[in-house]
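Here is how the chains run, residue by residue.
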Amino acid sequence: MVKQIRIAFVFIMLLASFATPLPARAQGNNPPKYYVSVGTSLAAGVQADKKTGAPILTEDAYTDQIYQRVKGQIQNLQHVKLGCPAETSQGMIDGVGSWCYSEELSPLTQLETAEAFLMAHPDEIAFITIDIGANDLLPCLTAADIN
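Bear in mind the structure is a predicted one, so any value in this text is a computation, not a measurement. The numbering scheme is per chain: residues are counted from 1 as the chain's sequence reads. Confidence filtering applies because this is a predicted model: local features only for residues at pLDDT of at least 70, side-chain atom pairs given and counted only at 80 or more, and all residues used for totals across whole chains, interfaces and linings. Only hydrogens and water are removed before side-chain values are computed, so all heavy atoms of the structure are retained for them.

1. Side note on the sheet that holds strand S1 (residues 33–39)
Read from one edge of the open sheet, 3 strands run S4-S1-S5, paired in parallel fashion. Two strands close off the open sheet at either side, each with one partner strand: strand S4 (77–81) and strand S5 (125–131). Recorded for the sheet is a direction-independent mean angle of 15° between the axes of neighbouring strands. Following DSSP output, two strands are said to pair if at least two bridges run between them. Runs of E in the DSSP output that reach at least two residues are strands. Runs of H or I that reach at least four are helices, and both are numbered from the N terminus. Note that S1 and S5 share 6 bridges and pair parallel. Helix axes are fitted to C-alpha atoms over the stretch in contact, other axes to C-alpha atoms as well, and angles between N-to-C directions run from 0 to 180 degrees.

2. Side note on helix H3 (residues 62–70)
Every α-helix carries 3.6 residues per turn, so stepping three or four residues along brings you back to the same face. Burial in H3 covers these residues: Thr 63, Asp 64, Tyr 67 and Val 70. All buried residues of H3 project into a common sector of 140° when viewed along the axis, lining one side. Where H3 is buried, its residues touch S1, helix H2 (41–44), S4 and S5. For every residue, the accessible area obtained with a 1.4 Å probe (protein chains only) is divided by the maximum for its type, and the residue is called buried under 20%, exposed over 50%, and partly exposed between those limits. Read the arc as the range of directions from the helix axis to the C-beta atoms. The contact rule is simple, with two residues in contact once any of their heavy atoms fall within 4.5 Å.

3. Describing the packing of aromatic side chains
Two rings from Phe, Tyr or Trp (for Trp, the six-membered ring) form a pair when their centres are within 6.5 Å of each other. A pair whose planes differ by under 30 degrees is stacked, one over 60 is edge-to-face, and the rest are tilted. Applying the stated criterion to the full structure yields 2 aromatic pairs. Relative to Phe 117, the ring of Tyr 34 has its centre 4.9 Å away and its plane inclined at 90°; by these criteria the two rings are edge-to-face. Here Phe 117 lies in helix H5 (residues 110–120) and Tyr 34 lies in strand S1, a separation of 83 residues in the sequence. Neither residue differs from the other here; Tyr 34 and Phe 117 are each classed as buried. With 4.3 Å between their ring centres and 20° between their planes, Tyr 35 and Phe 127 make a pair best called stacked.

Shown next, in the form of structure tokens:
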């Protein structure tokens, strides 16, 4: 029940951030504005290494490309990149099976990390992108489906 309330709260926070229009340029002392990206390897920037073919993290995710396109339009924009390779909806919520969550290294799940950041910076969020769910379908695929 607590997880469902937390998810509903984060969802409402995300909707509220989209509903609040932001000026194209920050006013006054130009406080930082944040672009928060959460999700799967697409948000994290996982690509195949050109030499080995092994998956590597890059600064060429679609989220990085969005950031590059809009950073000149919003002063002091910073990209908070929380995406995690192979993340599933379940892993994002409770850390089960997540590559980015372990009680020793990162005691917060991706969702908890995003929630904490949003709560700590309520008036500083310019926009958020979310991509999640594609990896939830992987167990349904077989080798025959791929070929």
